[in-house]
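# Examining the three-dimensional arrangement
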Number of protein chains: 2
Amino acid sequence: MKLLEDRIRRDGRIRENGTILKVDSFLNHQMDMELYNEIGREFHRLFGGEGVTKLLTVEASGIGVACITGQYFKVPVLFAKKSRSKNIDAAVYHAPVRSYTYGEVYDIMVSKDFLHPEDRILIIDDFLANGAALDGLTSLVEQAGATLVGAGICVEKAFQPGGERHRQKGLRIESLARIKSMSGEGIEFC
Amino acid sequence: MKLLEDRIRRDGRIRENGTILKVDSFLNHQMDMELYNEIGREFHRLFGGEGVTKLLTVEASGIGVACITGQYFKVPVLFAKKSRSKNIDAAVYHAPVRSYTYGEVYDIMVSKDFLHPEDRILIIDDFLANGAALDGLTSLVEQAGATLVGAGICVEKAFQPGGERHRQKGLRIESLARIKSMSGEGIEFC
């Protein structure tokens, strides 16, 4: 999606010797609703024919883009909650997620009330790199016996293994900006 | 706002002997975008003439409603991040928030890049009870020297002290559903 790639080129900042891409001025801290709307419209163009009954994301930075996208699909938006608690309610599906950024493992969970076998779920998230959040989210969908239609991702770091690993398992992933490489010199998209 | 009150009466569940209101089927876990749109429209009707330059909320459950509301205001939406880390970057404004639900204190923070003295900020959040999140958010706005236009709240527990305390300090708070009392028998709005 050229609009998003152009915006990343213009306003993204590459840090820590080319390993971190900061897009916090428009995507995941301060959020640009005009851009979000174009992203939501594009996800709907890509997945609108799949009979999606619900969008699933994980807190916190996936929520905004999932909500805007939900308007195009006209379906409810569900976000998985992060928990460090060891006492997990029996009324939830939960899955562990390893955070590479913070070096810790936490659980994500959704209420069993809101994921059902007849659901056709589209996962929405802002980033895909190592695929840890996607591991957790796909596990929640599987535990519920629901159908996973695919994953709509804003920015994929294609030089990290998460996207390839999930595609090899048969998951349809549509990433609107796929970064092939980045460094202090700049950024190259696939 | 009758639409929200009716929805709370219909789908809200009162737990723990009348102390907890669960609205997780439509407001803060699974989210109904049609309802969110009506909420966003109403916040814009109430605050649309105030020259708002930015919406401010706090992760996680405030983000969705703030984003949908941001479409009506046509301004960026900024969410404060929660942190348990003791190492706070000098490039952020931060403030402590006491969580009554979890009995802990955490910091919320926003990058100094995104709050400026010329900003006119509207705070958006899903719940107001003891006012702890609102304390933290107003502190961030004050630290930046920005103007706080008011706070748009979906559900206020008017029998808890947060709303009254902040109104006495001169803050304009518009709560779309104000709960006077609730118990196993039902719920009464102001």
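In this report, the structure presented in the accompanying data block is examined. Here the residue numbering is sequential within each chain, running from 1 through the sequence in written order. Going through the entries in the order they are written, you letter the chains from A and number the ligands from 1. Per-residue local features are limited, in this predicted model, to residues with pLDDT of at least 70; the limit for side-chain atom pairs, both in listing and counting, is 80 or more; totals at the level of whole chains, interfaces and linings are taken over all residues. For the side-chain quantities, the full set of heavy atoms in the structure was used; hydrogens and water were omitted.

## A short note on the overall build of chain A
Only DSSP runs of H or I reaching four residues or more are called helices, and only runs of E reaching two or more are called strands; each is numbered from the N terminus. When its secondary structure is counted, chain A shows five helices and eleven strands. Radius of gyration here uses only the C-alpha atoms, and the compact-globule reference equals 2.2 Å multiplied by the residue count raised to the power 0.38. Taken over the C-alpha trace, chain A has a radius of gyration of 16 Å; the compact-globule value for 190 residues is 16 Å, and the two agree within 12%. For chain A, the spread of C-alpha atoms along the principal axes amounts to about 50 × 35 × 30 Å. Across the 190 residues of chain A, 55% fall into the buried class. Considering only contacts within chain A whose residues lie at least 6 apart along the sequence, 60% involve residues at least 24 apart. For chain A, the accessible area works out to roughly 8500 Å², and carbon and sulfur atoms hold 45% of it. Under the counting rule used here, the positive set is Lys and Arg, the negative set is Asp and Glu, and His together with the chain ends is not counted. Charge coordinates come from a single atom per side chain, which is NZ of Lys, CZ of Arg, CG of Asp or CD of Glu. Across chain A, the 25 positively charged side chains and the 26 negatively charged ones have centroids separated by 1 Å. Here the term buried applies to any residue with accessible area under 20% of the maximum for its type, exposed to any over 50%, and partly exposed to those in between, with areas from a 1.4 Å probe on protein chains only. Contacts are assigned to residue pairs that have any heavy atoms within 4.5 Å of one another. Exposure was quantified through the Shrake-Rupley algorithm and a 1.4 Å probe, taking into account, for residues, occlusion by the shown protein chains and nothing else.

## Structural notes on the packing of helix α3 (residues 62–73) of chain A against helix α2 (residues 33–47) of chain B
Direction vectors running N to C along α3(A) and α2(B) enclose 110°, while the axes themselves pass 9 Å from each other. The orientation of α3(A) with respect to α2(B), classified from their angle, is roughly perpendicular. Contact with α3(A), carried on its side by C67(A), G70(A) and Q71(A), involves M33(B), Y36(B) and N37(B) of α2(B) and no other residues of that element. Note on residue categories: nonpolar means Ala, Val, Leu, Ile, Met, Phe, Trp, Tyr, Cys or Pro, charged means Asp, Glu, Lys or Arg, and polar means any other residue, Gly included. Residue composition of the contact of α3(A) with α2(B), by class: three nonpolar, three polar and no charged. An axis is simply a line fitted to the C-alpha atoms; with a helix, the fit covers only the stretch in contact. Between two such axes, the angle follows the N-to-C directions and lies from 0 to 180 degrees. In what follows, roughly perpendicular refers to angles from 65 to 115 degrees, roughly parallel to angles under 35, roughly antiparallel to angles over 145, and oblique to any angle outside these ranges.

## What to know about the relation of the copies chain B and chain A
When the copies are superposed, the least-squares fit draws on C-alpha atoms of residues that have pLDDT of at least 70 in both. When chain B is brought onto chain A, the operation consists of a screw motion whose angular component is 180° and whose axial shift is 0.0 Å, with 0.0 Å RMSD remaining. Taken together, the rotation and translation describe the operation of a two-fold axis. Both copies contact each other with a shared surface, as 100% of the interface residues of chain B are interface residues in chain A too.

## What to know about the packing of aromatic side chains
The description of an aromatic ring pair uses the distance of the two centres, along with the angle that the planes make with each other. Ring geometry is summarised as follows: Phe, Tyr and Trp rings, the Trp one being its six-membered ring, pair when their centres sit within 6.5 Å, and such pairs are stacked at plane angles under 30 degrees, edge-to-face over 60 and tilted between the two. For the coordinates displayed, the defined rule picks out zero aromatic pairs over all chains. Whether a charge sits over a ring comes down to the Lys NZ or Arg CZ being within 6 Å of the ring centre and within 35 degrees of the ring normal. Lying across the ring of F47(A), R172(A) places its NZ or CZ 4.3 Å from the centre.

## Focus: the side chain of E42(A)
All names here are of chain A. Tracing the chain through its elements places E42 in helix α2 (residues 33–47). By relative accessible area, E42 is classed as buried at 19%. The contact partners of E42, leaving out residues within four places of it in the chain, are M1 and L176.

## Considerations on the interface of chain B and chain A
Counting residues at the interface gives 32 residues for chain B, matched by 32 residues for chain A. Both faces combined, the contact of chain B with chain A buries some 2500 Å², and carbon together with sulfur accounts for 63% of it. Within this document, salt bridges are pairs made up of a side-chain nitrogen of Lys or Arg and a carboxyl oxygen of Asp or Glu, the two lying within 4 Å of each other. Here chain B is connected to chain A by two salt bridges. Put simply, R13(A) and D113(B) hold a salt bridge, and the shortest N to O gap is 3.8 Å. Of all the secondary structure elements, the ones that give two or more residues to the side of chain B that touches chain A are β3 (30–31), α2, α3 (62–73), β5 (77–83) and β7 (104–111) of chain B. Among the elements that take part in the side of chain B that touches chain A, α3(B) stands out by supplying six residues, more than any other. Of the residues assigned to the side of chain B that touches chain A, the class counts are 15 nonpolar, ten polar and seven charged. One requirement defines pairing of two strands: DSSP has to find at least two bridges between them. As defined by bridge partners, strand β5 (residues 77–83) of chain A adjoins β3(B) across two bridges and the pair is classed as antiparallel. Directly across from V77(A), in β3(B), lies its bridge partner M31(B). The term buried area means the drop in 1.4 Å probe accessible area that two parts suffer when joined, counted for both and summed.

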